Amino acid sequence: MASIVRVARSSSSFFGSRFYSTSAGITHASPSTPFLHGGGIRRDVAKDRNVQWVFLGCPGVGKGTYASRLSSLLGVPHIATGDLVREALASSGPLSQQLTEIVNQGKLVSDEIIVDLLSKRLEAGEAKGESGFILDGFPRTMRQAEILGDVTDIDLVVNLKLPEEVLVEKCLGRRTCNQCGKGFNIAHINLKGENGKPGISMDPLLPPPQCASKLITRADDTEEVVKARLRIYNETSQPLEDYYRSKGKLMEFDLPGGIPESWPRLLEALRLDEYEEKQSAAA
Ligand SMILES: Nc1ncnc2c1ncn2[C@@H]1O[C@H](COP(=O)(O)OP(=O)(O)O)[C@@H](O)[C@H]1O
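Residues numbered from 1 in each chain as written. Predicted model: local features only at pLDDT ≥ 70, side-chain atom pairs only at ≥ 80, totals over all residues. Heavy atoms only, no water.

Chemist: Mind laying out a negative patch on the surface, listing which residues take part and the relevant values?
Modeler: Taken together, the side chains of Glu 164, Glu 165, Glu 169 and Glu 194 make up a negatively charged region of the molecular surface. Tracing the sequence through the fold places Glu 165 in helix H6 (residues 164-173). (Patch = residues over 30% accessible without salt bridge, like charges linked within 9 Å, V, L, I, M, F, W, Y side chains within 5 Å. Areas by Shrake-Rupley, 256 points an atom, 1.4 Å probe, with all protein chains shown as cover. Salt bridge = Lys/Arg side-chain N within 4 Å of Asp/Glu carboxyl O. Lys, Arg positive; Asp, Glu negative; His and termini not counted. Charge placed at Lys NZ, Arg CZ, Asp CG, Glu CD. Helix = DSSP H or I, 4+ residues; strand = E, 2+ residues; numbered from the N terminus.)

Chemist: Which residues make up the sheet that holds strand E10 (residues 250-254), and what are the values?
Modeler: Read across the sheet, five strands follow the order E2-E3-E1-E4-E10 without closing on themselves; strand pairing throughout is parallel. Looking at which strands have only one partner, the edges of the open sheet turn out to be strand E2 (78-80) and E10. For this sheet the average axis-to-axis angle between neighbouring strands, irrespective of direction, equals 20°. Lying over the sheet, helix H9 (residues 259-269) contacts strand E4 (156-161) and E10, oriented at roughly 155° with respect to E10. (Pairing = 2+ DSSP bridges. Axes fitted to C-alpha atoms, helices over the stretch in contact; angles between N-to-C directions. Contact = heavy atoms within 4.5 Å.)

Chemist: Can you tell me about the site of the ligand, naming the residues and giving the values?
Modeler: Around the ligand, 19 residues are found, and the nearest of them are Thr 81, Arg 86, Lys 107, Gly 137 and Arg 229. One nitrogen or oxygen atom from the side chain of Lys 63 is found 3.3 Å from an oxygen atom belonging to the ligand. Here a nitrogen atom of the ligand sits 2.8 Å away from a polar atom, N or O, in the main chain of Gly 137. Expressed as a share of its isolated accessible area of 540 Å², the protein-covered part of the ligand is 97%. It is helix H2 (residues 81-90) that contributes the most residues to the shell around the ligand, four residues altogether. (Near = heavy atom within 4 Å. Polar contact = N/O pair within 3.5 Å; in protein donor to acceptor, adjacent residues only side chain to side chain.)

Chemist: Could you give an account of the packing of H2 against helix H4 (residues 111-127), with specific residues and numbers?
Modeler: One way to put it is that H2 packs onto H4 with a least axis distance of 10 Å and a crossing angle of 100°. By the angle between their directions, the pair H2 and H4 is classed as roughly perpendicular. Residues Thr 81, Leu 84, Val 85 and Ala 88 of H2 pack against Ile 114, Leu 117, Leu 118 and Arg 121 of H4. Class assignment for the residues of the contact of H2 with H4 results in six nonpolar, one polar and one charged. (Parallel < 35°, antiparallel > 145°, perpendicular 65-115°, else oblique. Nonpolar A, V, L, I, M, F, W, Y, C, P; charged D, E, K, R; others polar.)

Below, the structure written as structure tokens:
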């Protein structure tokens, strides 16, 4: 599989020498590539590389969960800029101090810092032979989308959606095992349908006994900070959605419930259901 960044270096001022543009021409996908069939979405990608997808969606919607599952299925890295920020926070140094205040207020990190963190991550992946990516949490601003568009081709942008009431509860219920790194959610969601909108129920995703005593909560998952993050997300997301919609790359997906209901429907929407069945049978 060709590398993500097989190709001519771009002189983008932010990505500098670490992020490159693809020189591969856009061609029709091979018919054996299941997620490239049908739909109104532009799904033709350069033949010689893996998928380059973006996941958009409010804090708490489950971008990380679904992006991570798809990355395992498709064999591409799941790159969450929130994780890159948390790694930078955990390291000692001036960047960590600078980021702590921003993140703890639910604000966005500057485009320059985030692009620098992402380009370093992509470069490290390239050195390990990674190909393709599913980006989660990037781009968050039009500037980031433009930089990304200048340096590489995005095949598909999946916009996950849930009602706002559910998002706050889901963020407050998020837990991570500090040993194995797996994510769980202790929230019981039961939103009644009204005004023609269907109700949503989600069972908690509880940890196995070995993780139960090692759960940690993200410092920015407090009610006040979650609400600030949602407000900032809502203010910045519309132009991004419009931008990708105008390019024919946006796939809107209303999550019907928790993982058991949503995962098969998402695979169907991505035309990946048969592919997943074959992969599971082969495993
Ligand atoms: N693309 C980005 N641009 C600016 N800041 C970002 C970006 N991605 C992550 N961050 C920072 O990291 C924090 C955590 O991000 P993330 O884990 O994606 O959380 P969530 O989507 O739940 O708000 C954000 O609140 C923001 O401060």
